Amino acid sequence: MTLTFEDFPPGRFGTFGPRHVTRDEILAFAAEFDPQPMHLDEEAASKSMLRGLSGSGWHLCSLMMRMMADGFITRAASLGSPGVDEVRWLSPLRPGDDLTLDVDVLEARTSKSRPELGIVKFKCTARNAAGLALAEMTSPILIKRREGTV
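Residues numbered from 1 in each chain as written. Predicted model: local features only at pLDDT ≥ 70, side-chain atom pairs only at ≥ 80, totals over all residues. Heavy atoms only, no water.

Asks: Would you explain helix H1 (residues 23-33) in this entry?
Replies: Residue pairs spaced three or four apart in an α-helix point in one direction, given the helix's 3.6 residues per turn. Here H1 has its buried residues at Ile 26, Leu 27, Phe 29 and Ala 30. Taken down its axis, H1 places every buried residue within 165° of arc, on the same side. Every exposed residue of H1 that faces more than 90 degrees away from the buried side is listed here: Asp 24, Ala 31 and Glu 32. Buried residues belonging to H1 abut helix H2 (37-40) and helix H4 (57-71). (Buried < 20%, exposed > 50% of the residue type's maximum accessible area, 1.4 Å probe, protein only. Helix = DSSP H or I, 4+ residues; strand = E, 2+ residues; numbered from the N terminus. Arc of directions from axis to C-beta. Contact = heavy atoms within 4.5 Å.)

Asks: Would you take a moment to explain the pattern of salt bridges for this structure?
Replies: Opposite charge on two side chains allows them to pair when their charged atoms are near. Scanning the model with the defined rule gives 14 salt bridges in all. As a salt-bridge pair, Glu 25 and Arg 19 come within 3.1 Å of each other at their nearest N and O atoms. A residue is classified by how much of its surface remains accessible, and Arg 19, at 29% relative accessible area, is partly exposed. A salt bridge links Arg 23 to Asp 24, with the shortest nitrogen-to-oxygen separation between them at 4.0 Å. (Salt bridge = Lys/Arg side-chain N within 4 Å of Asp/Glu carboxyl O.)

Asks: Please explain the environment of Pro 37 as it appears in this structure.
Replies: Here Pro 37 is to be found in helix H2. Pro 37 sits in the partly exposed class, given a relative accessible area of 48%.

Printed below as a string of structure tokens:
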């Protein structure tokens, strides 16, 4: 079943995961996209303000996007997103973390200029197995409305 705009009322939408994160993935992502010492070198990372090897915030955002895609976006009548309103990195992503993603709908409104679609603003919070929030992201997604609702 394809999820349409009407399937996203404000409130908790769901929790997705878990997704296990390995040391090797953290190192591979960092080597390719964010080669800073706290993401690549355990000794340097231990002396940083993060006090140990941590995944890049951009790696965490990529994991959040994948969890959103696997959880609901690939089943939704999504037309894409005009961007991300806010991303906040709250705590380090660590090797061995098991991530879950809490997804809330902050608002859902019909587009004034294109009434055949709606704009759903999501807040996604990535947490580790202990429930500690690692990152928050707020982003609108354009989603088709159900046939006959226009």
